[in-house]
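Architecture at a glance
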Amino acid sequence: MPAGHADVPLARDPSERFLPWLVAFMVYFAALALVSGMALHKLIERWDSGLTGQWTVEIPAPDLAGNATEQSARIERILALLKETAGVTSAAQLARGEIAELLEPWLGSSALDEDLPLPALIAVTVDDGSPPDLDALAAEIGRIAPRALLDDHQRWLGRLLDLARSMQAVTAVILALIALCAVLAIVFVTRTGLSVHQKAIELLHLMGAHDGYIARQFQRHALKLGLRGGVVGVVLALLTVLPVGHLIGRMENTLLAGLALSPVEWGLLALLPAVTALIAMVTARLTVLGTLARMP
Amino acid sequence: MIRFEDVAFKYGTGPEILREVSFHLQPGSFHFVTGPSGAGKSSLLQMMYLASRPSRGRMSLFGRDVESLSRDERGLLRRRIGVVFQDFRLLDHLSVAENVALPLRIAGRRSAKVREHVAELLAWVGLAEHANDRPATLSGGQQQRVAIARAVISQPSLLLADEPTGNVDDRIAVRLLYLFEELSKLGTTMVIATHSEALMSRFSHPVLRLGEGSVRLEAGRPASAASAPAGSAA
């Protein structure tokens, strides 16, 4: 006997047309949220580890009335102080070119001409296990150069990390809401299907079909629609993510550099249609079983 | 086979349609169920094919108290019951052959066996050439034969038919009941609901007569112009 036709004609329902598109848009937004979440995770990881154990001494540029020789002497004395301080593993003054490179993302290369007064920067590496006393060291540096600043980056880095983590949490909430919407859409469509095909379902039930037999018809249908919508959604997401990723890839020296997705992350993105289809299938099954349980 | 003890039935919170219904049908018996419109013929049959539960009393099928059955057991029991519905309940999106095959597919029978059985049965009801047609393209009588073929394909122990002759002329109605008699002779317990006294009088089977909410079992009378009786009532 040909088994080509399902006992419940779900393939003729209007849901066959609109549900895959609904799922596609949800998967599209979920994919974007997922990519954002993964990029934020990378950013947090990089900021967190990149500046650990790195302090900076900033000595403002001498004003017009200032004495450049005196400035150099102060820098030398600060370098000597740092090298003698316990807990400091290295201290080196950044060259003007290095400072310009750091400022380039904000000011652009054209603004950094020779006439622009730049502060002197000393990169200090401290022993993470026993770092020097920040306040005491800052006071000693202040005695040499009153306007100098010793920064362990924790204040701004902490704020930046808090912001990034908040955004990551928002991304997770968005993903959860999208999943919830998808579940509700599948529940609605399944219940509509149960209502539309009530007579066929009742007939199967009276012929001795177990609940699982009837549920399989709906879950197979939901799996198919979920997979179809999921694939379309991911393709649309790729069409968005790839150009943006290409643009980010061109920004070599910026805060956003190095955010390209790894093969594992691409794999996670590719799994999205399968996960969506699975959610659709399980939701449809549970909805049908819940409804059938009320039949005698 | 079927035992009702002081069974009552009502829809929701409405009045009792049936009350104090008690009878016992032996395996292989043939019974008519009759009564005026609204007497509860369909409700009685619904309880027998486990579509409804009694509101009171005790009912057992195949020696099992239906209230004690688990959900899966009720499903398995339903597979032993063939039902010819008054409105046929054929699935329009399936072909005639697929409709007839439905009980076997539900029971998980293998495709090759199913195909063989369906072909045999469609030939038996004279619809072999309509195997691939949709039910909607058939006449009322042909649809009824499809419904009968579907009801008997799994060789049920109990066959229930609700007004199976309602849509056909007298000649076909009698032929249909001969068909049911043949099945009964093979061991299937038959319960046929009909309002046609004329039709029942042509057979000598006992009658469950419904009226004023209760059921009275009448022994079979000599047939006016039909075959010998095949059933027996307890």
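Worth saying up front: this structure is predicted, and the values here are computed from it rather than measured.

Scanning chain A from N- to C-terminus turns up eight helices and four strands. Counting every position in chain A, which comprises 296 residues, the buried fraction comes to 40%. Taking the contacts inside chain A whose residues are at least 6 apart along the sequence as the reference set, 86% of them involve residues at least 24 apart. Split by element, the accessible area of chain A, about 16300 Å² in all, is 65% carbon and sulfur.

Attention now goes to the overall build of chain B. A count of helical and extended segments in chain B gives seven helices and ten strands. Its C-alpha atoms give chain B a radius of gyration of 17 Å, within 12% of the compact-globule value 17 Å for 234 residues. Considered along the principal axes of its C-alpha atoms, chain B spans approximately 45 × 45 × 30 Å. Buried positions account for 53% of the 234 residues belonging to chain B. In chain B, 67% of the contacts between residues at least 6 apart in sequence involve partners at least 24 apart. Carbon and sulfur atoms form 48% of the exposed surface of chain B, whose accessible area is close to 10000 Å². Within chain B, one finds 29 positive and 24 negative side-chain charges whose respective centroids are separated by 4 Å.

Before going further, it helps to spend a moment on the interface of chain B and chain A. Taken residue by residue, the interface counts 29 residues in chain B and 24 residues in chain A. Buried area between chain B and chain A, both sides added, is near 2500 Å², and the carbon and sulfur share of it is 57%. If you sort the residues of chain B by the area they bury against chain A, Arg71, His93 and Ile106 of chain B come out on top, with a joint share of 28%. One can count three salt bridges joining chain B with chain A. The shortest N-O distance in the salt bridge between Asp211 of chain A and Arg71 of chain B comes to 2.5 Å.

Let us look at the pattern of salt bridges. Applying the stated criterion across every chain, the model contains 13 salt bridges over all chains. When the shortest N-O distance is used, the salt bridge between Lys224 of chain A and Glu16 of chain A registers 3.9 Å. Here the residue Lys224 of chain A occupies a position in helix α7 (residues 211-250), and Glu16 of chain A occupies one in helix α1 (residues 15-50), the gap between them amounting to 208 residues. On the accessibility criterion, Glu16 of chain A (16% relative accessible area) is buried. With a shortest N-O distance of 3.4 Å, Glu67 of chain B and Arg53 of chain B are connected by a salt bridge. Of this pair, Glu67 of chain B sits in the loop between β5 (64-65) and α2 (71-78) while Arg53 of chain B sits in the loop between α1 (41-48) and β4 (56-61); the two residues are 14 residues apart in sequence, bridging distant segments of the chain. A single salt-bridge network, built from bridges that share partners, covers Glu16, Lys224 and Arg228 of chain A.

Residue and element names in this part refer to chain B. Positive phi, close to 60 degrees, is recorded for Leu50, a residue that is not glycine. The residue Leu50 is located in the loop between α1 and β4 in this model. For Glu163, which is not glycine, the phi dihedral falls at a positive 50 degrees. Tracing the sequence through the fold places Glu163 in the loop between β7 (158-162) and α6 (170-185).

Residue and element names in this part refer to chain A. Two elements in contact, helix α2 (residues 68-84) and helix α4 (residues 134-144), have axes whose closest approach is 9 Å; the angle formed by their N-to-C orientations is 155 degrees. Judged by the inter-axis angle, α2 sits roughly antiparallel to α4. Remark: the crossing between α2 and α4 carries right-handed chirality. Contacts between α2 and α4 involve Arg74, Arg77, Ile78, Leu81 and Leu82 from the former and Leu137, Glu140, Ile141 and Ile144 from the latter. For the contact of α2 with α4, a count of residues per class yields six nonpolar, no polar and three charged.

A separate point is the domain arrangement of chain B. Residue and element names in this part refer to chain B. As assigned here, chain B comprises domain 1 (1-80 + 156-167 + 179-234) and domain 2 (88-155). Here domain 1 and domain 2 have C-alpha centroids that lie 24 Å from each other. Contact with domain 1, which involves 14 residues of that partner, is made by eleven residues of domain 2. Inspection of the region where domain 1 meets domain 2 yields zero salt bridges. At the junction of domain 1 with domain 2, the criterion picks out one residue pair in polar contact (both at pLDDT 80 or more). Among the elements that make up the side of domain 1 that touches domain 2, the one with the highest residue count is α6 (four residues).

Thresholds applied
Note that residues are indexed from 1 along each chain, following the sequence as it is written. Here every chain gets a letter starting at A, and every ligand a number starting at 1, in the order they are written. Given that this is a predicted model, residues contribute local features only at a pLDDT of at least 70 and side-chain atom pairs are listed and counted only at 80 or more, while totals for whole chains, interfaces and linings are drawn from all residues. The side-chain numbers reported here are obtained from all heavy atoms of the structure, hydrogens and water having been left aside. The helix count covers DSSP runs of H or I at least four residues long, the strand count covers runs of E at least two residues long, and both are numbered beginning at the N terminus. We call a residue buried when its accessible area falls under 20% of the maximum for its residue type, exposed when it is over 50%, and partly exposed in between, using a 1.4 Å probe and counting protein chains only. Contacts between residues were defined by any pair of non-hydrogen atoms, one from each residue, lying within 4.5 Å. Areas reported here follow the Shrake-Rupley algorithm with a probe of radius 1.4 Å; residue values treat only the protein chains shown as occluding. With the radius of gyration taken over C-alpha atoms, the globule rule is written as 2.2 Å times the number of residues to the power 0.38. Working convention for charge: Lys and Arg count positive, Asp and Glu count negative, and His plus the chain ends are omitted. Think of each charge as sitting on NZ of Lys, CZ of Arg, CG of Asp or CD of Glu. Two parts lose some accessible area (1.4 Å probe) when they are put together, and adding that loss for both gives the buried area. By salt bridge we mean one thing: a side-chain nitrogen of Lys or Arg within 4 Å of a carboxyl oxygen of Asp or Glu. Axes here refer to lines fitted to C-alpha atoms; in helices the fit is confined to the stretch in contact. Angles between the N-to-C directions go from 0 to 180 degrees. Each angle gets one of four labels, with under 35 degrees taken as roughly parallel, over 145 as roughly antiparallel, 65 to 115 as roughly perpendicular, and the rest as oblique. Crossing chirality is assigned from the near helix's rotation relative to the far helix, an anticlockwise turn below a right angle marking it left-handed and a clockwise turn marking it right-handed. Note on residue categories: nonpolar means Ala, Val, Leu, Ile, Met, Phe, Trp, Tyr, Cys or Pro, charged means Asp, Glu, Lys or Arg, and polar means any other residue, Gly included. As used throughout, domain bounds are those supplied by an automatic or database domain assignment. Any pair of N or O atoms that falls within 3.5 Å is considered a polar contact. Within protein, one atom must be able to donate a hydrogen and the other to accept it, and sequence-neighbouring residues count only if both atoms are side-chain atoms.

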